[in-house]
Amino acid sequence: MQQTLPVIRTTPADMDWGTDLWDQCDQIEKHTQSGIDLLELYVKFVKERTEIEQSYAKQLRNLTKKYAKRGSKDELDCKFSNHASFQEILNELNDYAGQREIVAENMTTGICAELNKYLQDLKQERKGHLSEAKKAQQNLESSFKHLESTKKRFAKEWAEAEKATQQAEKTEHDVNATKQDVEKAKHHAHARTHTAEESRNDYAAELQKYNKEQNYFYYTEIPQIYNKMQEMDEQRIRHLAKGYCQFSDVEKNVLPIISKCLEGIAAAGNKINEKQDSMLFIEQHKSGFERPADVEFEDYTQGIKAATSDSSLNPPKVRAKLWPFNKKHKTSHAEKQMPPAAEDFSHLPPEQRKKKLQAKIDDINKELQKTQDQSDALEKMKGVYEQNPQLGDPTSLEPQISETTHHIGRLRGELAKYETWLSEAVGGEESANVINNNAQHVNVAADQTRNLYTEFDDEFEDVDPPLGQCTVLYNFEGNSEGTVSIAEGELLSIMEEDKGDGWMRVLKGNGKEGFIPSSYISRDS
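What counts and how
Residues numbered from 1 in each chain as written. Predicted model: local features only at pLDDT ≥ 70, side-chain atom pairs only at ≥ 80, totals over all residues. Heavy atoms only, no water. Axes fitted to C-alpha atoms, helices over the stretch in contact; angles between N-to-C directions. Helix = DSSP H or I, 4+ residues; strand = E, 2+ residues; numbered from the N terminus. Parallel < 35°, antiparallel > 145°, perpendicular 65-115°, else oblique. Left-handed = near helix turned anticlockwise from the far one by under 90°. Nonpolar A, V, L, I, M, F, W, Y, C, P; charged D, E, K, R; others polar. Contact = heavy atoms within 4.5 Å. Phe/Tyr/Trp six-rings, centres within 6.5 Å; stacked < 30°, edge-to-face > 60°. Buried < 20%, exposed > 50% of the residue type's maximum accessible area, 1.4 Å probe, protein only. Salt bridge = Lys/Arg side-chain N within 4 Å of Asp/Glu carboxyl O. Core = buried A, V, L, I, M, F, W, Y, C linked by side-chain atoms within 4.5 Å.

Asks: So what's going on with the packing of helix α9 (residues 350–387) against helix α10 (residues 398–426)? Residues and values would help.
Replies: Where α9 meets α10, the axes come as close as 9 Å, and the angle between the chain directions of the two elements is 160 degrees. Between α9 and α10, the interaxial angle falls into the category roughly antiparallel. For the pair α9 and α10, the crossing hand works out as left-handed. Taken together, the residues that form the contact of α9 with α10 break down as 14 nonpolar, 9 polar and 11 charged.

Asks: I'd love a proper account of the environment of L491, names of residues and values included.
Replies: Relative to the elements of secondary structure, L491 occurs in strand β2 (residues 491–496). Taking the C-alpha atoms as reference points, L491 and C470, separated by 21 residues in sequence, lie 5.9 Å from one another. Beyond its immediate stretch of four places on either side in the chain, L491 contacts C470, T471 and D524.

Asks: Quick one: what's the story with the packing of aromatic side chains, residue by residue and with numbers?
Replies: Taken as a whole and assessed by the stated rule, the structure comprises 13 aromatic pairs. The interplanar angle of 80 degrees and the centroid separation of 5.7 Å between the aromatic rings of Y474 and Y520 together place this pair among those described as edge-to-face. Residue Y474 is found in the loop between β1 (468–472) and β2, and its partner Y520 is found in the loop between β4 (513–517) and β5 (521–523); the two are separated by 46 residues along the sequence. On the basis of relative accessibility, which here comes to 47%, the residue Y474 falls in the partly exposed class. Each member of the aromatic cluster is reached from another via a ring pair, and the members are Y42, F45, Y244 and F247.

Asks: Hey, could you go over the pattern of salt bridges for me, with residue numbers and the actual values?
Replies: In the structure shown here, the tally under the stated rule is 19 salt bridges. Between E283 and K355 there is a salt bridge; the shortest N-O distance is 3.1 Å. Residue E283 is located in helix α6 (residues 274–285), and its partner K355 is located in helix α9; the two are separated by 72 residues in the primary sequence. A relative accessible area of 34% means that K355 is categorised as partly exposed.

Asks: Lay out the nonpolar core in plain terms, naming residues and giving numbers.
Replies: Counting residues in each nonpolar core, the largest one holds 23 residues, and the members touching the most others are L39, Y42, V46, M107, I111, L115 and L122. Looking at this core, the elements that each hand over two or more residues are α2 (25–67), α4 (81–173) and α5 (179–270). Top contributing element to this core by residue count: α4, with 10 residues. Non-local contacts of L115, meaning those with residues more than four positions away in its chain, are made with L39, Y42, V43 and H239. Listed in part, the 15 residues of the second largest apolar core include A136, L147, Y203 and Y226.

Here it is as structure tokens:
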């Protein structure tokens, strides 16, 4: 078998446009224009590719937005792992769309913009080289025309000289010619010969000059111009090759992130737990009802018994409604006008009702604890004002104390009401356990509150008397640690003077203490 040898491309070091293509000006012009056309074509190709990428990314974003969950019902569905995973897939797809946008942006800035800028410079450089070659050609042609003119003048003068010489010889041999005529003819012939010799010398000098210029044109000037154009074209090819590589690199640069997006999609699929979703569905919709008992046999063979008072005492049994299998029916206008769901959640199945009531009780307990803390703080502040009147007027806190007391009473009433309903829903010993748990929760919270305000008492025992009073001139948001927010017109107690850093410590009427800018207040006289 004949072995195939690899093709090795070699370029002789001495081959170049100036040497080997010295007489191919038209072909060089066409070739360089063809290279520029290819560069423009590639830029147009990349631009259209970026438009496709941008359109693709936009469609992907619209797609993810269309299928994204919104609203309370959708949020409830998202608790299921298969719903949540689908939302994660949409998020990953949205990130993937962002990577397509990055591809389009990098192609626009890294390829199109760069090559367009280089393209303008390339056109100007090519135009300059062609103009330089054309100018050199015109100079050589002008020199050749001058040579031809000198040559024609020499030929003319030499013919005139020969004619004058022949006329002088003829006159000299003419027997009728006088000596004066002979001398005149010889003098004229001599003058014409001298002029012809000068023309000959001019022609020889001009020929030497032209040959020198022609040699410079073909061996130096044109090769230099064509070699510059060769370098220009090779540089164009390098730029185009770089653009080709960038077309791939832009895509490669986003592949790691795209891979992570795809891995995230796969991970979302693997996170789905069908058993967990089933258990969650049961928890959400378990009614707690007992299954219907067997239907009792009714014996009609005994005949009709006389009506007795027992019929009123023992009414016939009515079959329980098989509510789980009710057919759906269209909602009538009257049903649409029905009042909202019952406050005690009695419209719900037992298990769902217990969950709703327990959640409501937890919310009330949190609100009650928060209001109780606020009330204790106001009472403590009132005591501080009574002991230190310069800090503030105790009677100014009475409306807030009254309002919080009323709010606490209303919350306790709400709590008792919902605990009663929960007791009815749970029933028996379980009810007592639930109420005891709620009571323990409240007691623990109360103990924590007492401990908190015991520490609060200890802190107030060491409170320094205020250094004076001041009025706020401008609003200030105390967002940073150690600062306190103030409002225009608010009265404050000065607890620490400005130590040269532009800040002072103050005490507000609600008991909050912190630093404010010294220039934001006006001292009361």
